[in-house]
Amino acid sequence: PQDAEASKTRMILQFHRPGKANGRPHIRQAMSIIDRARHLFENRTCPHCGYGVVEPRQLDDGIVDSANQIIPGTATLVGFRCEGCHLEWGIE
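Now for a look at the structure at hand. All of these numbers come straight from a predicted model, not from anything done at the bench.

## With respect to the sheet that holds strand S4 (residues 77-82)
And then number 1: Spatially, S3-S4-S5 is the arrangement adopted by the three strands of the open sheet, whose pairing is antiparallel. For this open sheet the edge positions go to strand S3 (54-58) and strand S5 (88-90), each flanked by a neighbour on one side alone. The sheet shows a mean angle of 25° between the axes of neighbouring strands, taken without regard to direction.
And then number 2: Alignment of S3 against S4, held across five bridges, turns out to be antiparallel. Looking at the pairing, Glu55 lines up with Arg81 of S4.

## Re the nonpolar core
Within soluble globular proteins, side chains that are nonpolar generally end up buried alongside one another.
And then number 1: Membership of the largest hydrophobic core is limited to six residues, which are Cys46, Val54, Leu77, Phe80, Cys82 and Trp89.
And then number 2: Broken down by element, the residue count for this core peaks at three residues, all from S4.
And then number 3: Not counting residues up to four positions away in its chain, the partners in contact with Cys82 are Cys46, Cys49, Tyr51, Val53, Leu87 and Trp89.

## Considering the pattern of salt bridges
And then number 1: Counted under the stated rule, the structure contains five salt bridges.
And then number 2: One salt bridge in this structure joins Arg57 and Glu55, with 3.2 Å as the shortest N-O distance.
And then number 3: Relative accessible area serves as the criterion here: at 32%, Arg57 is assigned to the partly exposed category.
And then number 4: With a relative accessible area of 32%, Glu55 lands in the partly exposed category.
And then number 5: The salt bridge involving Arg57 is made with Glu88; its shortest N-O contact spans 3.5 Å.

## Quick notes on the pairing of S4
And then number 1: Of all six residues making up S4, five are buried, and the element is well covered by its neighbours.
And then number 2: Sheet topology note: the S4/S5 ladder contains three bridges and is antiparallel. Considered in S5, the bridge of Arg81 is made with Glu88.
And then number 3: The antiparallel hairpin formed by S4 and S5 contains five residues in its connecting segment, where His86 sits at a positive phi of about 65°.

Rules of the game
Residues numbered from 1 in each chain as written. Predicted model: local features only at pLDDT ≥ 70, side-chain atom pairs only at ≥ 80, totals over all residues. Heavy atoms only, no water. Pairing = 2+ DSSP bridges. Helix = DSSP H or I, 4+ residues; strand = E, 2+ residues; numbered from the N terminus. Axes fitted to C-alpha atoms, helices over the stretch in contact; angles between N-to-C directions. Core = buried A, V, L, I, M, F, W, Y, C linked by side-chain atoms within 4.5 Å. Buried < 20%, exposed > 50% of the residue type's maximum accessible area, 1.4 Å probe, protein only. Contact = heavy atoms within 4.5 Å. Salt bridge = Lys/Arg side-chain N within 4 Å of Asp/Glu carboxyl O.

Encoded structure:
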């Protein structure tokens, strides 16, 4: 009888909640999606050599999904790096 009572009791289970990167709580970036796209478009070539392969530089603060992977486009964009001349520049 006691086991039957125990099986009817309800338990609250805690699940891992997405929204933390590397154990740190996610802080919403101030940059909107439109501003991010505008920065990516305006900085698609190097201002020094004109090379067309530019890597966006971003912080490691993106939103983490249920598979513990950072969702693309959610990390804070801070600058760019040219793959040709290796020039780095920030967002103005």
